[in-house]
Amino acid sequence: MSLPELILIAVSLSMDAFAVSISKGLSLPYAGRRHMLAAGFYFGIFQAGMPILGYLVYGIFQPGTISFAHWIACILLCAIGSSMVLESFHKEETPDPAMDIKTMLLLAISTSIDAFAAGVSFGALQAPLLIAVVLIGCTTFAFSMLGIKIGSVFGGKYKARAELAGGLILIGMGIKVLLEHLFFGK
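Calculation rules
- Residues numbered from 1 in each chain as written.
- Predicted model: local features only at pLDDT ≥ 70, side-chain atom pairs only at ≥ 80, totals over all residues.
- Heavy atoms only, no water.
- Helix = DSSP H or I, 4+ residues; strand = E, 2+ residues; numbered from the N terminus.
- Buried < 20%, exposed > 50% of the residue type's maximum accessible area, 1.4 Å probe, protein only.
- Areas by Shrake-Rupley, 256 points an atom, 1.4 Å probe, with all protein chains shown as cover.
- Core = buried A, V, L, I, M, F, W, Y, C linked by side-chain atoms within 4.5 Å.
- Contact = heavy atoms within 4.5 Å.
- Phe/Tyr/Trp six-rings, centres within 6.5 Å; stacked < 30°, edge-to-face > 60°.

Draft legend 1. Representation of the overall build of the chain. Counting its secondary structure elements, the chain contains 7 helices and 0 strands. Walking the chain from its N terminus toward its C terminus, one meets helices and strands in the order α-α-α-α-α-α-α. The 186 residues of the chain split such that 46% are buried. Surface summary for the chain: the accessible area is close to 9,600 Å², and the carbon and sulfur share equals 74%.

Pasting the structure below:
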């Protein structure tokens, strides 16, 4: 697997974390360095770690036994998104900008399932794992930081609908992951 192919894979895998970062940033009136670094850290670490886990699992199990991973991603993204949609209808509350450990871990895990699957394919293709992991982690870190900032800029202007939009984005992503798996074999 060539370096340009690995870069393309890294960018592709970081898009889920980028979209989630945008939706998370929508609820922030101002995205400071702390928010940006937190998103970059959580998403970058999980996106880099999951291919390692997938690579190891490939050596133990047959690739067909891990097909349930897309269901897990769908359920997690839809649950988090549904919670955000429901919270958006409580007029007395403002969008929840929570970036606590529980929230961020759930988001990081749910967006890194594809990276796990990529790790399985790296095992099958005997791809250079260290280079792939570094590229995936660094790319996701950068895109996640940028996503928080972009979401924050739009969230400040459209605060009333920010959490609703973010929740719908997460639900859409969950459904997309599942449909890709069911109909396109990803």
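And the narrative resumes.
Draft legend 2. Here's a closer look at the nonpolar core. Ranked by internal contacts, the top residues of the largest apolar core, which has 17 residues, are Leu-13, Met-50, Phe-116, Phe-122 and Ile-136. When contributions to this core are tallied by element, the ones reaching two or more residues are helix H1 (3-26), helix H2 (33-60), helix H5 (113-125) and helix H6 (129-157). In terms of residue count, H5 provides more of this core than any other element does, 6 residues in total. The contacts of Phe-122, once residues within four sequence positions are left out, are Met-1, Leu-6, Ile-9, Pro-51, Tyr-55, Ala-127, Leu-129, Ala-132 and Ile-136. Val-20, Ala-31, Ala-39 and Ala-108 belong to the second largest nonpolar core, which has 15 residues in total.

Draft legend 3. Representation of the packing of aromatic side chains in the model. Scanning the entire structure with this criterion turns up 2 aromatic pairs. Relative to Phe-143, the ring of Phe-18 has its centre 5.5 Å away and its plane inclined at 75°; by these criteria the two rings are edge-to-face. Taken together, the residues span a long stretch of sequence, with Phe-18 in helix H1 and Phe-143 in helix H6 at a distance of 125 residues. For Phe-143, a relative accessible area of 25% puts it in the partly exposed group. With a centroid separation of 5.7 Å and an interplanar angle of 75°, the aromatic rings of Phe-41 and Tyr-42 are classed as edge-to-face. Given a relative accessible area of 46%, Phe-41 falls into the partly exposed group.

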